[in-house]
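As a plain string of letters, each chain reads:
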Amino acid sequence: MAGKGSIAVERMEELYKMARDIYEENPELSRRYTDLIKRISQRTRTKIPKHIKRNICKKCGTIQMPGLNSRTRIRQKREPHIARTCKVCGYISRYPISTKKNSE
C-alpha cells in the first residue's frame, strides 16, 4: 500500500510540471492535467502535496502562475494572510501566514 501512494505522488508531481510548462501554449490541456491530479488523489486516497494544491485554483482548476493568470498579495486584516486572486475566474484563495511568537 505504501508504494501505491508514492507512485501517485510522483505522478501528480509529473502532471504538475507538465501543466506549468504547457499553460501558455494550451490552457485547456493544462486544466486537463490538473483534473487528472485531482482524480489520482481521489482514487488512491492520497493528499495532493501542499505546493501543488496551493497553485491550483479551487474554482476553475487552472494552474496559478503569479503575474500571468493570478495576483498574489499579503494582507494584514484580521490575521496576516496571503490572498491569491485567480484572473481567470476571480476566485480569491487565502492562506494564513504563521507568525512566530517570541518565547520569554
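Going along each chain's sequence as written, the residues are numbered from 1 onward. Given that this is a predicted model, residues contribute local features only at a pLDDT of at least 70 and side-chain atom pairs are listed and counted only at 80 or more, while totals for whole chains, interfaces and linings are drawn from all residues. Excluding hydrogens and water, the side-chain figures rest on all heavy atoms present in the structure.

Helix and strand counts for the chain come out as three helices and three strands. Only DSSP runs of H or I with at least four residues qualify as helices, and only runs of E with at least two residues qualify as strands; both kinds are numbered from the N terminus onward. Along the chain, from the amino end to the carboxyl end, the secondary structure elements read α-α-α-β-β-β. Taking the principal axes of its C-alpha atoms as reference, the chain extends roughly 45 × 35 × 20 Å. Counted as positive: Lys and Arg. Counted as negative: Asp and Glu. His and the chain ends are not counted at all. Where a charge lies is defined by one atom per residue type, namely NZ (Lys), CZ (Arg), CG (Asp) and CD (Glu). Charge separation in the chain, taken as the distance between the mean sites of 26 positive and 10 negative side-chain charges, equals 9 Å.

Moving on to the sheet that holds strand E2 (residues 81-86). Here a strand pair is declared whenever DSSP counts at least two bridges between the two strands. Taking strand neighbours across the sheet as the criterion, the three strands line up as E1-E2-E3 in an open arrangement whose pairing is antiparallel. Of all the strands in the sheet, just strand E1 (70-75) and strand E3 (92-96) have a single pairing partner and so form its edges. Between one strand and the next, the sheet's axes are offset by a mean angle of 20 degrees, whatever the strand orientation. Where E2 lies against E3, five bridges are found, and the strand directions are antiparallel. The residue bridging His-81 from the neighbouring strand is Pro-96, located in E3. Comment: axis = line fitted to C-alpha atoms, over the contacting stretch for helices; angle = value between 0 and 180 degrees taken between N-to-C directions.

Turning next to the pattern of salt bridges. Should their charged atoms come close, side chains of opposite charge can pair. A pair is scored as a salt bridge if a Lys or Arg side-chain nitrogen falls within 4 Å of a carboxyl oxygen belonging to Asp or Glu. Within the structure shown, the criterion is met by one salt bridge. The partner of Arg-31 in a salt bridge is Glu-28, with the nearest N and O atoms 3.2 Å apart. Residue Arg-31 and its partner Glu-28 are located together in helix H2 (residues 27-44), separated by three residues, close to a single helical turn. Given a relative accessible area of 22%, Arg-31 falls into the partly exposed group. Judged by relative accessible area, which is 53%, Glu-28 ranks as exposed. Each residue gets one of three labels from its accessible area relative to the maximum for its type: buried under 20%, exposed over 50%, partly exposed in between, using a 1.4 Å probe on protein chains only.

The alternating pattern of E3 places Ser-93 and Tyr-95 on a buried face and Ile-92, Arg-94 and Pro-96 on a face that is not buried. Between the antiparallel neighbours E2 and E3 lie five residues, among them Gly-90 with a positive phi of about 90 degrees.

By size, the foremost hydrophobic cluster in this structure holds 13 residues, and its most contacted members are Met-12, Tyr-16, Ile-37, Ile-48, Ile-52, Ile-56 and Ile-63. Counting only elements with at least two residues in this core, the list comes to helix H1 (2-22) and H2. For this core, the element with the most residues is H1, which contributes five residues. Ignoring any residue separated from it by four or fewer positions in sequence, one finds Ile-52 in contact with Met-12, Glu-13, Tyr-16 and Ile-37. By convention a nonpolar core is built from buried Ala, Val, Leu, Ile, Met, Phe, Trp, Tyr and Cys residues, the set being connected through side-chain atoms within 4.5 Å. It only takes one pair of heavy atoms within 4.5 Å for two residues to be counted as in contact.

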